[in-house]
Amino acid sequence: MTDEHARTAANVMLVSAGLAAAYVIMTKPPLRRLALRAVQVWLGGSVPVFLMNQARQAWVESGRSA
């Protein structure tokens, strides 16, 4: 098996596992609520941190002192 074929097979397996997990999560209301809450927490934490880092980097690159 070539590297390209192995990579394609792995990608197909990952996509099928992801689709199966999404189906199970979306058909079970408790899992759906848990998944939506996890997304809210992740976005609530990661987006503000990303924006603060971007602002800090822009400040540093502008050459101004704090």
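Relevant structure appears above.
Residues numbered from 1 in each chain as written. Predicted model: local features only at pLDDT ≥ 70, side-chain atom pairs only at ≥ 80, totals over all residues. Heavy atoms only, no water.

**Digging into the overall build of the protein**
Helix and strand counts for the protein stand at two helices and zero strands. The C-alpha atoms of the protein give a radius of gyration of 20 Å, which is well past the 11 Å a tight globule of 66 residues would have. For the protein, the C-alpha atoms occupy an extent of roughly 55 × 40 × 5 Å along the three principal directions. Relative to its full complement of 66 residues, the protein shows a buried share of 0%. Entry remark: accessible area of the protein is about 6000 Å², with carbon and sulfur atoms responsible for 69%. (Helix = DSSP H or I, 4+ residues; strand = E, 2+ residues; numbered from the N terminus. Rg over C-alpha atoms; globule rule 2.2 N^0.38 Å. Buried < 20%, exposed > 50% of the residue type's maximum accessible area, 1.4 Å probe, protein only. Areas by Shrake-Rupley, 256 points an atom, 1.4 Å probe, with all protein chains shown as cover.)

**Brief notes about helix α2 (residues 29-62)**
The end-to-end C-alpha separation of α2 is 49 Å, in line with the 50 Å expected for 34 residues at 1.5 Å each. Of the residues one or two after α2, glycine 63 is the one with positive phi, at around 85°. (Expected span 1.5 Å × (residues − 1).)

**Here we look at the packing of helix α1 (residues 3-27) against α2**
For the pair α1 and α2, the least separation of the axes is 5 Å and the interaxial angle reads 110°. Taken together, α1 and α2 sit at an angle that is classed as roughly perpendicular. Seen from α1, the contacting residues are Val24, Ile25, Met26 and Thr27; seen from α2, they are Pro29, Leu31, Arg32 and Ala35. (Axes fitted to C-alpha atoms, helices over the stretch in contact; angles between N-to-C directions. Parallel < 35°, antiparallel > 145°, perpendicular 65-115°, else oblique. Contact = heavy atoms within 4.5 Å.)

**Section: the environment of valine 49**
Among the secondary structure elements, valine 49 is positioned in helix α2. Sequence separation of valine 49 and alanine 9 is 40 residues, and the distance between their C-alpha atoms is 36 Å.

**Thoughts on a nonpolar patch on the surface**
Taken together, the side chains of Tyr23, Val24, Ile25, Met26, Leu31 and Leu34 present a nonpolar region at the surface, about 580 Å² in accessible area. Those elements that provide at least two residues to the nonpolar patch are α1 and α2. As for its placement among the helices and strands, isoleucine 25 is situated in helix α1. (Patch = residues over 30% accessible without salt bridge, like charges linked within 9 Å, V, L, I, M, F, W, Y side chains within 5 Å. Salt bridge = Lys/Arg side-chain N within 4 Å of Asp/Glu carboxyl O.)

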